[in-house]
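The primary structure of each chain is shown beneath.
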Amino acid sequence: MKDIYERIAELCKSQASFALLFALILYFLSLSLILPVIPGGEYLFRLVQAENQMFTWGLVALVMAALLGRPKEVLKLDTSPGPLELMIPALILILIIPLIQLTYIPADSFQLPDFMKDMEESMRLREEQSQKVLMKLFSDPSIGTLLLNILVFAVVPAFFEEFLFRGIIQQQIARNLSPHRAILISAAIFCFIHFLFY
């Protein structure tokens, strides 16, 4: 068994495509294992959602980092950004919001071909169910619930997704391609995984 782990680590270190494929396989495996249906209240659902994010994104990133070498180095946890490195991306993000709004396509205008009607209906139904759950979770106007929602639905996913997409996938792609191409490819993978049709 140790030989298998060593071989996987060697392949990941030598070939970015294998590391990317292995990370995506681990992602989908963890997704299928961590999505239990739990009856209970909204706070239990939030807890499950936070755990789901940690395991889906964080565990895959940590396993890949361990296979690739020392996790602190691989995930760049041994360095910290300066104030300017934090302010410039935040400013760019704020300035680009109007441009992002121009790329919005209303869901009603998106239609799949006729042979995919069943899949389209299934996607619409799942999105409507998700919207109902989110509306229920976000209906409580208290500050505590707002902060909890921000933590569970924004901070936790962003933190662990960055580990995987920037810490692992982008760096592995950059081993064989330019940093700019690595950024574009990892961003495309990120968009593909997060794409919602409806």
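Refer to the structure presented above.
Rules used in this analysis
- Residues numbered from 1 in each chain as written.
- Predicted model: local features only at pLDDT ≥ 70, side-chain atom pairs only at ≥ 80, totals over all residues.
- Heavy atoms only, no water.
- Core = buried A, V, L, I, M, F, W, Y, C linked by side-chain atoms within 4.5 Å.
- Buried < 20%, exposed > 50% of the residue type's maximum accessible area, 1.4 Å probe, protein only.
- Helix = DSSP H or I, 4+ residues; strand = E, 2+ residues; numbered from the N terminus.
- Contact = heavy atoms within 4.5 Å.
- Expected span 1.5 Å × (residues − 1).
- Bend = angle between axes of the 7 residues up to and from the residue.
- Axes fitted to C-alpha atoms, helices over the stretch in contact; angles between N-to-C directions.
- Parallel < 35°, antiparallel > 145°, perpendicular 65-115°, else oblique.
- Left-handed = near helix turned anticlockwise from the far one by under 90°.
- Nonpolar A, V, L, I, M, F, W, Y, C, P; charged D, E, K, R; others polar.

K.L.:
Just checking my understanding: could you explain the nonpolar core for this structure?
P.N.:
A general tendency of soluble globular proteins is for nonpolar side chains to be buried together. Judged by nonpolar contacts, the single largest core of 19 residues is most densely connected at Met64, Leu164, Phe165, Ile168 and Ile169. For this core, the secondary structure elements donating two or more residues are helix 3 (42-68), helix 7 (143-174) and helix 8 (179-194). Residue contributions to this core peak at eight residues, all from helix 7. Ignoring any residue separated from it by four or fewer positions in sequence, one finds Ile168 in contact with Ala61, Met64, Ala65, Leu68, Val74, Leu75 and Phe163.

K.L.:
Is there a simple way to explain helix 5 (residues 83-102) in this structure?
P.N.:
Owing to its 3.6 residues per turn, the α-helix aligns residues three or four sequence positions apart on the same side. With 20 residues, helix 5 should reach 28 Å at 1.5 Å per residue; the first-to-last C-alpha distance of 30 Å fits that figure. Considering bend angle alone, the principal kink of helix 5 is centred on Ile96 and spans about 45°; proline Pro98 follows within four residues of it. Among the 20 residues in helix 5, zero count as buried, and that is only a small part of the element.

K.L.:
Could you clarify how one ought to interpret the packing of helix 7 against helix 8 in this entry?
P.N.:
Think of two packed helices as two axes; the pair is described by the angle between the axes and how far apart they sit. At a minimum axis distance of 8 Å, the contact between helix 7 and helix 8 shows a crossing angle of 140°. When the interaxial angle is binned, helix 7 and helix 8 end up oblique. Note that helix 7 runs across helix 8; the crossing there is right-handed. Two secondary-structure elements touch here, helix 7 through Glu161, Phe165, Arg166, Ile169, Gln170, Ile173 and Ala174 and helix 8 through Ala182, Ile183, Ile185, Ser186, Ile189, Phe190, Ile193 and His194. For the contact of helix 7 with helix 8, a count of residues per class yields 10 nonpolar, three polar and two charged.

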